[in-house]
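# Fold and geometry: a report
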Amino acid sequence: MSAAETTKKQFRKYMIQRIALYILVIVLIVGILYPVGWYMMRKGEARLAVREAKNLELAMHLLAVEAYGLGTDFYDSKTESGVSRQFEDEVRKYSGAKGDFIVTRWSEEKNRPEAFSYMTDRLVVRYFLDRETTQAQWTVDYRLPLLEWKE
């Protein structure tokens, strides 16, 4: 082998190593940035859902006070959402909530929800008001439909 061929082989080997290094660096950067970006997107989505649920809770409380003033019932356990039909659309309108909600527990003394769930396309926000400490607890879960059954 001549010196020129040896130099060409060394140069080729050097270039292959450089390209492999660049590919490795790119794969590592994408492998780190993609999960971080995905996590930040989900966290932002969860914060938006909690904000909508808090607006929903406030709208329910204010409309319940209005219903009390009108002498009608706001809470109705017979409906799907737990809110009487005449106020259900108003709750959605005033809160700006795009998802569905279900009131699971209502406080007659405080005239406000003690527990409800708010569902968006991907998330479920659960609200729970502790009776003793009167502290609100908000929980956000990712909604993962496992099975859809139609007959």
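Residues numbered from 1 in each chain as written. Predicted model: local features only at pLDDT ≥ 70, side-chain atom pairs only at ≥ 80, totals over all residues. Heavy atoms only, no water.

## Observations regarding the overall build of the protein chain
Secondary structure summary: the protein chain contains two helices and four strands in total. Considering the protein chain as a whole, with its 151 residues, one finds that 28% of them fall into the buried category. A sequence separation of at least 24 residues applies to 36% of the contacts in the protein chain between residues at least 6 apart. Here the protein chain holds 23 positive side-chain charges and 21 negative ones, and the gap between their average locations is 16 Å. (Helix = DSSP H or I, 4+ residues; strand = E, 2+ residues; numbered from the N terminus. Buried < 20%, exposed > 50% of the residue type's maximum accessible area, 1.4 Å probe, protein only. Contact = heavy atoms within 4.5 Å. Lys, Arg positive; Asp, Glu negative; His and termini not counted. Charge placed at Lys NZ, Arg CZ, Asp CG, Glu CD.)

## Topic: the packing of helix H1 (residues 3–70) against helix H2 (residues 85–95)
Helix-helix packing is described using two parameters, namely the angle between the two axes and the distance between the axes. For the pair H1 and H2, the least separation of the axes is 9 Å and the interaxial angle reads 135 degrees. Judged by the angle between their axes, H1 and H2 are oblique. For H1 against H2, the interelement crossing comes out right-handed. Each of Asn55, Leu56, Ala59, Met60, Leu63, Glu66 and Ala67 in H1 lies in contact with H2, whose residues at this interface are Phe87, Glu90, Val91, Tyr94 and Ser95. Classifying every residue of the contact of H1 with H2 gives eight nonpolar, two polar and two charged. (Axes fitted to C-alpha atoms, helices over the stretch in contact; angles between N-to-C directions. Parallel < 35°, antiparallel > 145°, perpendicular 65-115°, else oblique. Left-handed = near helix turned anticlockwise from the far one by under 90°. Nonpolar A, V, L, I, M, F, W, Y, C, P; charged D, E, K, R; others polar.)

## As for the confidence of the model for the protein chain
The pLDDT averaged across the protein chain works out to 89; a share of 99% of its residues lies at or above 70. Ranking the elements of the protein chain by mean pLDDT puts H2 last, at 89, and strand S3 (residues 123–129) first, at 94. (pLDDT = per-residue confidence, 0-100.)

## Digging into the packing of aromatic side chains
The description of an aromatic ring pair uses the distance of the two centres, along with the angle that the planes make with each other. For the coordinates displayed, the defined rule picks out six aromatic pairs. Look at phenylalanine 74 and tryptophan 106: their rings are 5.2 Å apart centre to centre, the planes differ by 35 degrees, and that puts the pair in the tilted class. Linking phenylalanine 74 in the loop between H1 and H2 with tryptophan 106 in strand S1 (residues 100–107), this pair joins segments that are 32 residues apart in sequence. Looking at phenylalanine 74, the relative accessible area reads 3%, which means it is buried. For tryptophan 106, a relative accessible area of 11% translates into the label buried. Three or more aromatic residues joined by ring pairs make a cluster, and in this case those are Phe74, Tyr75, Phe87 and Trp106. (Phe/Tyr/Trp six-rings, centres within 6.5 Å; stacked < 30°, edge-to-face > 60°.)

## Describing the side chain of serine 84
Assignment of secondary structure puts serine 84 in the loop between H1 and H2. Reaching out from serine 84, the side chain makes a polar contact with the backbone oxygen of aspartate 73 at a distance of 3.3 Å. Contacts of serine 84, omitting those with residues within four sequence positions, involve Asp73, Phe74 and Asp76. (Polar contact = N/O pair within 3.5 Å; in protein donor to acceptor, adjacent residues only side chain to side chain.)

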